[in-house]
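Per-entry structural report
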Amino acid sequence: MHGISDAQRRSRLGRRHLLAPAVRAASAESVADAVVALHATDAATVFLSVCARLSEASVGAVERALYEEVSLVRLLSMRNTLFTVSYGLAPYVDASNARAVAAKERRNFLKHLRDDGNGLDAHWLAKTEEETLAALTARGSATGSELSAAVPALRTKITVFPGKKQETVQGVVTRVIRVMAADGLIRRDRPRGSWTSSQFRWTAAEPWPARETAAAQAELALRWLRSYGPATEADLKWWTGWGLGQVRQALETAGAEEVRLDNGATGWVSPGDMEPEPDLKPWAALLPALDPSAMGWADRGFHLPAEYRTALFDRAGNIGPTVWWNGRIVGGWAQRADGEPVWRLLTDVGREATTAIEAEASRLSGWVGETRVTPRFRTPLERELTA
């Protein structure tokens, strides 16, 4: 079996994820496609991940792609997590993952409505969604609170988990909006505040054209392998949230080929993708919490030493801001209250690496400007650096 070393995997990561200066992209859409999907649970992550990979970092370029050209779109999809993908990839992500997530979201919400015991049901929800769409169409865009003011049904309150320890009374507006967004009826528009805000306005949208699930999964697996291969079945299963049978079927349909990894495991690559990656000049990167290059695999041993996990991850398994040198995670960084990026190395990387990391920190500071970024998921090292 053909072997691909950890060193080659790191070289692939630097080139295919557009992290080395020589291969940075000219557009936000190119970045999204290079990494397949950008984590979007934390709004700032999308901007930080994209700008780290642009030849000319620009908040405006990302905002245009998200809100004017709509060439980048957010979908609740893999692992029931919010991702940002290119418009062209979105129908495949929708069919391979988001449809199932949306159906589950709707089932769960309808169960809460039934358990409330006040006669709220699927008919009530459909009517509320219709009124919400009408209000959005009339306004163009609106926040959740503005929609609540315009649609009386959205001011309804229900009791969730009645009779149980976690019983609580909740308003329905957030759940209605979440279900509608998951179904592609509405989408996130410009937020209130800066690009770091998750207080989005909403606007009407059209659901994605239907595609056959298995074919969409094969297409997504193929694109993922081109960016993240070689990788194992377990890696793809973790990243997508699919069952093992779906993973194996997608790999077979995509024509994936087996390779041997340095740890002895069997990896998979896209068809014919076994040639050595051309060498890159040494590179450094400062990547945000939940960046795809840090979150792309279940087993990250080829770029992340196990002893660094305690400092760099929170208790839920979310990775914080990371410092990279030539395809390895070598430390973490944060932004102080005065805006200065500060980092800590977890190993000695030498003077050349330190100089390159300093240059990346200066570049980051230059485009972030007066904005202050605090990760939604805070890790021990990030907290220490900002203390």
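Within an unreviewed UniProt entry, the label attached to the protein chain reads Winged helix DNA-binding domain-containing protein, and the organism entered is Streptomyces sp. 900116325.

We now examine unusual backbone geometry. A cis amide bond links Gly-229 with the next residue in sequence, Pro-230, at an omega value of 5°. Inspection of the secondary structure puts Pro-230 in the loop between helix H9 (213-228) and helix H10 (233-240). A positive phi is found at Leu-18, a non-glycine position, where the angle reads about 60°. Here Leu-18 lies in the loop between helix H1 (6-16) and helix H2 (28-35).

Okay, the sheet that holds strand E10 (residues 266-269) next. Taken in spatial order, the three strands of this open sheet run E1-E9-E10, and their pairing is mixed. Of all strands in the sheet, those bounded by a partner on one side alone are strand E1 (3-4) and E10.

Within a pair of aromatic rings, the relevant descriptors are the distance that separates the centres and the angle that separates the planes. On inspection of all chains with the given rule, the structure shows nine aromatic pairs. Arranged with centres 5.5 Å apart and planes meeting at 15°, the rings of Trp-224 and Tyr-228 form a pair that is stacked. Taken together, the residues span about one helical turn, with Trp-224 and Tyr-228 both in helix H9 at a distance of four residues. Relative accessible area serves as the criterion here: at 0%, Trp-224 is assigned to the buried category. Ring geometry for Tyr-228 and Trp-239: centres 6.3 Å apart, planes at 40°, overall tilted. Note that Tyr-228 is positioned in helix H9 and Trp-239 in helix H10, a separation of 11 residues in sequence. With respect to class, Tyr-228 is no different from Trp-239; both count as buried. Above the ring of Phe-302, the side-chain terminus of Arg-9 is found at 3.9 Å from the ring centroid. Here the guanidinium or amino end of Arg-300 rests over the ring plane of Trp-238, the centre of that ring lying 5.1 Å away.

Thresholds, definitions, all that
Starting afresh in each chain, residues are numbered from 1 along the sequence in its written order. Predicted model: local features are reported for residues with pLDDT of at least 70 only, side-chain atom pairs are reported and counted for 80 or more only, and whole-chain, interface and lining totals are derived from all residues. Side-chain figures throughout are based on the complete set of non-hydrogen atoms in the structure, without hydrogens or water. Only DSSP runs of H or I reaching four residues or more are called helices, and only runs of E reaching two or more are called strands; each is numbered from the N terminus. One requirement defines pairing of two strands: DSSP has to find at least two bridges between them. Working definition: a ring pair exists when centres of Phe, Tyr or Trp rings (six-membered ring for Trp) sit within 6.5 Å. Plane angles under 30 degrees give stacked, over 60 give edge-to-face, the rest tilted. The buried label goes to any residue with under 20% of its type's maximum accessible area, the exposed label to any with over 50%, and the partly exposed label to all in between, with areas taken from a 1.4 Å probe on protein chains only. To sit over a ring, a charge needs its Lys NZ or Arg CZ within 6 Å of the ring centre and within 35 degrees of the ring normal.

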